[in-house]
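Notes for the structure review
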Amino acid sequence: NETQIALYACYRPLATLQGAGTLPASNASIAGRLVLRQVREPAQEAGIAARLARLTPISDEVSLAVQAQYEQHPYPRWLRAPATGGAHPLALRLRMLFPHADKSGTVPERPSLLIAGCGTGWHVALSAPPNPDSRILAIDLSRTSLAYAVRRAEESGFPNVEFAQADILELGALEERFDVIECAGVLHHLNDPAAGWRVLLGLLAPGGKMKVALYSEIARRGVVAARRLIAERGTAAALRGMRAARAAILALPADDPARLVAGTVDFYTLSGCRDLLFHVQEHRYTLPGIGAILSELGFEFLGFEFEFAATLLEYRREFPLDAPATSLSNWAEFEMRHPDTFNAMYQFWVTPKARWAADLTHSGSEGT
């Protein structure tokens, strides 16, 4: 009956139940929706994964480990598309965010977009609706994650998005150049984030802009403490181990730093917990460290992007002389005073400095 189906689904995927393929699937009931989510949709995604294009080989040891993690636990498994009503097209959005950046070149009204590390497609669902006339390429290591993204894109109607399997580290051979590259929550999972970043720099068209999101060392202090506890106990990244780790963390005193992770949504789902506490590769950053990388790669920092305006308003109250809000030293001081500012990662935009942009244009002309 429906209750038994729901109870089984709480502990094991319904697809493992004998005869699961014959269960009725429908949005009209809880059990029917469970069959859709855990039996029909995974079967559909398996077919999609089998036909996905592969742009590059994947040979780096860490890339292979990250790929294996997300093949097993694609993240996030989102059910409802994000609200994009009122969202602005990329060109307008960038002009509104960074009016001081016009001197670095403007993005075309219909920019080509590379989403480097699209995962299960949440980022695609944010970027595609406001930019229906843009050519969008979304790549990821994991075919399982990509298949989820393709299914959701087909359901939502994003005909201008192309999905393919690729490793950022191997994308240098790609001939296409992009007006905008968005790489959110990805570089810090590479073996050598700066190497991946350098590859993406080479894929920018003249005047191009890049959005990057990286973990903050300060904001991830709870994760660091929890991962230390997990390492000390030798807990494995398997179902039993993740449940044991969560139980151990919930048993900690309320003021223990590791207890901070219990306040996150990801802590309570299997794929979320794996991504949060058991990831096979994680780099974290400070703002001075990011500044050094930007200088080394030849990027100009355009500014942070926040979901809510309150953070930027508070920064400008504390640092009124930094009108464009681009001083990383000021932001480092601000983060020390407000350590939860970048809980959702450092999310910022950059563009190649003039000399680098000229070099990119020159190298592109040589290849034609």
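Look a little higher up for the structure.
Before going into details, it helps to say that this report is about the structure given with it. The model shown is predicted, which means the values in this text are computed figures rather than measured ones.

Quick notes on the overall build of the protein
- Counting its regular elements, the protein contains 14 helices and eight strands.
- The C-alpha radius of gyration computed for the protein amounts to 22 Å, which stays within 12% of the reference 21 Å derived for 368 residues, consistent with globular compactness.
- Based on the C-alpha atoms only, the size of the protein along its principal axes is roughly 65 × 50 × 40 Å.
- Looking at the protein alone, contacts between residues at least 24 apart form 74% of all its contacts between residues at least 6 apart.
- Just so you have it, the protein exposes about 17,700 Å², and 56% of that area is on carbon and sulfur atoms.
- Taken together, the 36 basic and 39 acidic charged side chains of the protein have centroids lying 6 Å from each other.

A look at the sheet that holds strand S2 (residues 113-116)
- One open sheet holds the eight strands; their spatial order is S1-S4-S3-S2-S5-S6-S8-S7, and the pairing between them is mixed. In this open sheet, the two edge strands, each paired with only one partner strand, are strand S1 (53-54) and strand S7 (299-304).
- Relative to strand S8 (residues 346-352), helix H11 (residues 287-297) is tilted by about 20°, and along the sheet it contacts strand S6 (204-214), S7 and S8.

Describing the side chain of Arg-220
- The residue Arg-220 is located in the loop between S6 and helix H8 (221-233) in this model.
- The class for Arg-220 is buried, based on a relative accessible area of 10%.
- Of note is the side chain of Arg-220, whose polar atom sits 2.8 Å from the side chain of Glu-282.
- When residues no more than four places from it in sequence are discounted, the contact partners of Arg-220 are Tyr-215, Leu-276, Glu-282 and Arg-284.

Focus on the pattern of salt bridges
- Inspection of the entire model under this criterion finds 21 salt bridges.
- A salt bridge links Arg-337 to Glu-318; its shortest N-O distance comes to 2.4 Å. Taken together, the residues span a long stretch of sequence, with Arg-337 in helix H13 (residues 328-337) and Glu-318 in helix H12 (residues 310-318) at a distance of 19 residues.
- Salt bridges linked by common partners bring Arg-37, Glu-41, Glu-45, Arg-151, Arg-152 and Glu-155 together as one network.

A short note on the packing of helix H2 (residues 30-51) against helix H6 (residues 143-156)
- The interhelical angle for the contact between H2 and H6, taken along N-to-C directions, is 110°, at an axis separation of 8 Å. In terms of axis orientation, H2 runs roughly perpendicular to H6. In this structure, H2 uses Glu-41, Gln-44, Glu-45, Ile-48, Ala-49, Ala-50 and Arg-51 to contact H6, whose residues at the interface are Arg-143, Ala-147, Tyr-148, Val-150, Arg-151 and Glu-154.
- For the contact of H2 with H6, a count of residues per class yields six nonpolar, one polar and six charged.

A closer look at the side chain of Ser-134
- Structurally, Ser-134 is set in the loop between helix H5 (122-127) and strand S3 (136-140).
- Owing to a relative accessible area of 4%, Ser-134 belongs among the buried residues under this scheme.
- A distance of 2.7 Å separates a polar atom in the side chain of Ser-134 from the backbone oxygen of Pro-111.
- Sequence-distant contacts of Ser-134, that is, excluding residues within four places in its chain, are made with Arg-110, Pro-111 and Asn-160.

Here we look at helix H7 (residues 193-202)
- Summarising burial for H7: seven of the ten residues are buried, a large majority.
- Of the positions making up H7, those classed as buried are Pro-193, Ala-194, Gly-196, Trp-197, Val-199, Leu-200 and Leu-201.

Looking at unusual backbone geometry
- Cis geometry is found at the peptide bond from Tyr-75 to Pro-76, where omega equals -10°.
- Along the chain, the position of Pro-76 falls in the loop between helix H3 (61-72) and helix H4 (90-97).
- Phi at Ala-325 takes a positive value of approximately 55°, unusual for a residue other than glycine.
- Locating Ala-325 in the fold gives a position in the loop between H12 and H13.
- A relative accessible area of 4% places Ala-325 in the buried class.
- Not every positive phi belongs to a glycine, and Met-345 is a case in point at roughly 80°.
- With respect to the secondary-structure elements, Met-345 resides in the loop between H13 and S8.

Observations regarding the pairing of S8
- Of all seven residues in S8, six are buried; the element is thus mostly enclosed.
- Relative to S8, S6 is paired through five bridges, and the arrangement is antiparallel. In the sheet register, Ala-213 faces S8, and the bridge partner there is Gln-347.
- Sheet analysis places S7 next to S8, joined by five bridges and oriented antiparallel. Each bridged residue has a counterpart across the sheet, and for Phe-304 the counterpart in S8 is Phe-348.

Conventions used here
- Residues numbered from 1 in each chain as written.
- Predicted model: local features only at pLDDT ≥ 70, side-chain atom pairs only at ≥ 80, totals over all residues.
- Heavy atoms only, no water.
- Helix = DSSP H or I, 4+ residues; strand = E, 2+ residues; numbered from the N terminus.
- Rg over C-alpha atoms; globule rule 2.2 N^0.38 Å.
- Contact = heavy atoms within 4.5 Å.
- Areas by Shrake-Rupley, 256 points an atom, 1.4 Å probe, with all protein chains shown as cover.
- Lys, Arg positive; Asp, Glu negative; His and termini not counted.
- Charge placed at Lys NZ, Arg CZ, Asp CG, Glu CD.
- Pairing = 2+ DSSP bridges.
- Axes fitted to C-alpha atoms, helices over the stretch in contact; angles between N-to-C directions.
- Buried < 20%, exposed > 50% of the residue type's maximum accessible area, 1.4 Å probe, protein only.
- Polar contact = N/O pair within 3.5 Å; in protein donor to acceptor, adjacent residues only side chain to side chain.
- Salt bridge = Lys/Arg side-chain N within 4 Å of Asp/Glu carboxyl O.
- Parallel < 35°, antiparallel > 145°, perpendicular 65-115°, else oblique.
- Nonpolar A, V, L, I, M, F, W, Y, C, P; charged D, E, K, R; others polar.

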